[in-house]
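Geometric and topological summary
Residues per chain are reported as follows:
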Amino acid sequence: MRRIDTFKEFLITIFGSTTVKATGGKIYRSGNLFSTCDYGDKALEEYVNLLKIAYSNRDSKIQRPNYPPEAFHRTESIQRFFAYLKAYNSTLTLPDVNDSYANIFAFKAAITILDAIFSKSDSTNKFKVENEDISGIFRKALDYIKANSVARDIKAVSNAVDVAKSKNYFYDTDYSNDNSQYNYSIHVVEFSVIPKVSRIIYPISLGIYIDPSKRYDDNSQYFFNLTTSSFAPFNKGNAQMVTTDEFLLSKPLSLVGIRYFPLLFDYVTHLDDATILNNYKCANKYVLNQFVIEKAVKQYTDYMAPSIAEYEKSLVDYMEDLIRRVLSLDLKWLYNNSEKKIEKCREEIEIVLIGYPEVYSYIDGCSDKIIRKQLLTILHHAIVEITQFINNNGKDISKYAITHNCENHIKYVKGRVYGKSFKELNELSEKLKETPTEGPHSLYECYYYTSSNELADLLSSISNYKNLFKKSKKSS
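So, here's what we can say about the structure. Because the structure is a prediction, the values reported are computed rather than measured.

What counts, and where the lines are drawn
- Residues numbered from 1 in each chain as written.
- Predicted model: local features only at pLDDT ≥ 70, side-chain atom pairs only at ≥ 80, totals over all residues.
- Heavy atoms only, no water.
- Axes fitted to C-alpha atoms, helices over the stretch in contact; angles between N-to-C directions.
- Helix = DSSP H or I, 4+ residues; strand = E, 2+ residues; numbered from the N terminus.
- Parallel < 35°, antiparallel > 145°, perpendicular 65-115°, else oblique.
- Left-handed = near helix turned anticlockwise from the far one by under 90°.
- Contact = heavy atoms within 4.5 Å.
- Salt bridge = Lys/Arg side-chain N within 4 Å of Asp/Glu carboxyl O.
- Buried < 20%, exposed > 50% of the residue type's maximum accessible area, 1.4 Å probe, protein only.
- Polar contact = N/O pair within 3.5 Å; in protein donor to acceptor, adjacent residues only side chain to side chain.

1. Here we look at the packing of helix H14 (residues 356-363) against helix H15 (residues 368-403)
Closest axis-to-axis distance for the H14/H15 pair is 10 Å, and the angle between their directions is 150°. Here H14 lies roughly antiparallel to H15, going by the angle between them. Helix-helix and strand crossings are classified by hand; for H14 and H15 the assignment is right-handed. For the pair formed by H14 and H15, the contact residues are Val-359, Tyr-360 and Ile-363 on the first element and Ile-371, Gln-374, Leu-375 and Ile-378 on the second.

2. Let's talk about the pattern of salt bridges
Within this structure, the stated rule accounts for 22 salt bridges. Notably, a salt bridge pairs Asp-396 with Arg-199, separated by 2.8 Å at the nearest N-O pair. Here Asp-396 is found in helix H15, whereas its partner Arg-199 is found in the loop between strand S6 (184-188) and strand S7 (205-210), with 197 residues between them in sequence. Since its relative accessible area comes to 37%, Arg-199 is described here as partly exposed. Note that Glu-430 and Lys-433 form a salt bridge whose closest N and O atoms lie 3.1 Å from each other.

3. With respect to the side chain of Ser-254
The topology assignment puts Ser-254 in the loop between strand S8 (247-252) and strand S9 (265-269). A distance of 3.0 Å separates a polar atom in the side chain of Ser-254 from the backbone nitrogen of Val-256. Among the polar contacts made by the side chain of Ser-254, one reaches the side chain of Asp-321 at a distance of 2.6 Å. In this view, Ser-254 contacts Tyr-318, Asp-321, Leu-322, Arg-325 and Ile-354; residues no more than four positions away in its chain are not counted.

4. Description of unusual backbone geometry
In this model, Tyr-39 sits at a positive phi of 60°, which is unusual for a non-glycine residue. Within the secondary structure, Tyr-39 sits in the loop between strand S2 (26-28) and helix H2 (41-55). Tyr-39 gets classed as buried once you look at its relative accessible area, which sits at 7%. Of note in this structure, Lys-214 is not a glycine but carries a positive phi near 70°. With respect to the helices and strands, the residue Lys-214 is situated in the loop between S7 and helix H8 (222-227).

So this is what it looks like as structure tokens:
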């Protein structure tokens, strides 16, 4: 992890830009503080002041040149920062962004990361300092954050464990005036077959192939072993399972968080002979279960309506971020026959991949041919994953955008589809389809395979998503 890459991603995560400095008690979006940074004590002090404004000041402001100051969106910044930390260590226990402790935690964690970035160097040459590998120091910083997140309040952690072990009860509102009536409960797990509850959609996690030996050998059996990992050898004598140091590194493609709501619960209600026969009008176990669960879901969704709405709106935000990121890529460069220089590949990777400095730390030191191949593969995989996400979830998310009047989102998507750049990309995609590529010959090659339809599929997924808004409005 080069110091400069790690620092760049850190600043963009928190502030949305590298061109920030502390001026007049505000975050000023201008200047060359990052590009001239020598990673010395004075520069560290300036960035500590920036973090204080972002996460500690009572009234944080951000200002762009020639514009009046605006409120710094602290909660959004903390949410992005927490997602960034999770991208490097998924086992971290982080407070809820709306928790009163979140500001303090975010500030302390950010200072810990900043200290790692500004760790002492034996060199005085700026170029050498900014290109030093700080992977080990950075991981120690994450370990420190993790240790402190657990140690900060042992009682709270213990309580959290107790809550996790306990059941999530929801009480039948028909009997809320008399708690003594509650006498039976049923575990509700059938949300998927009851349309009133939003389908749970998860963010994309990109699996990136890492070979610590840096060989990335075409004869590697890693992908075969991975694909057949659920099978045991049969009729092969005492065959040993092949072991390897190769692995998939998981990285997200967005810092936008999805606000999930509790999905499973135990519904506590009242049952007796008269209730079953008169209220539910049945004497069959399975029919009774279905009636009670339908009632439970209806009451629960009414109660959870605000949380479900936040979940649905967060999915709209997530979808928009994915589309923004993928359309911010230089897709003409990626899909034409121009030379694919490594530095350009890195620039594109940094648009779409969270945690890219860690990926670089594994492939730096490889031959240029291998580095170029690995970076281009990441870009193609990101595009395929985003395409699949839009295709799989566009119908639901477009409905949420309509339901919650997300007009800016709808306007953005339509603007991109009807724009000149999108039209030019469609023309390029048609040319690509005229010369189809040869299919892969092994599971290893599948990882590197790029379809001649890849760009067309992406553009089609976004265009079809745009069309869903028109259909939703007609049917609403």
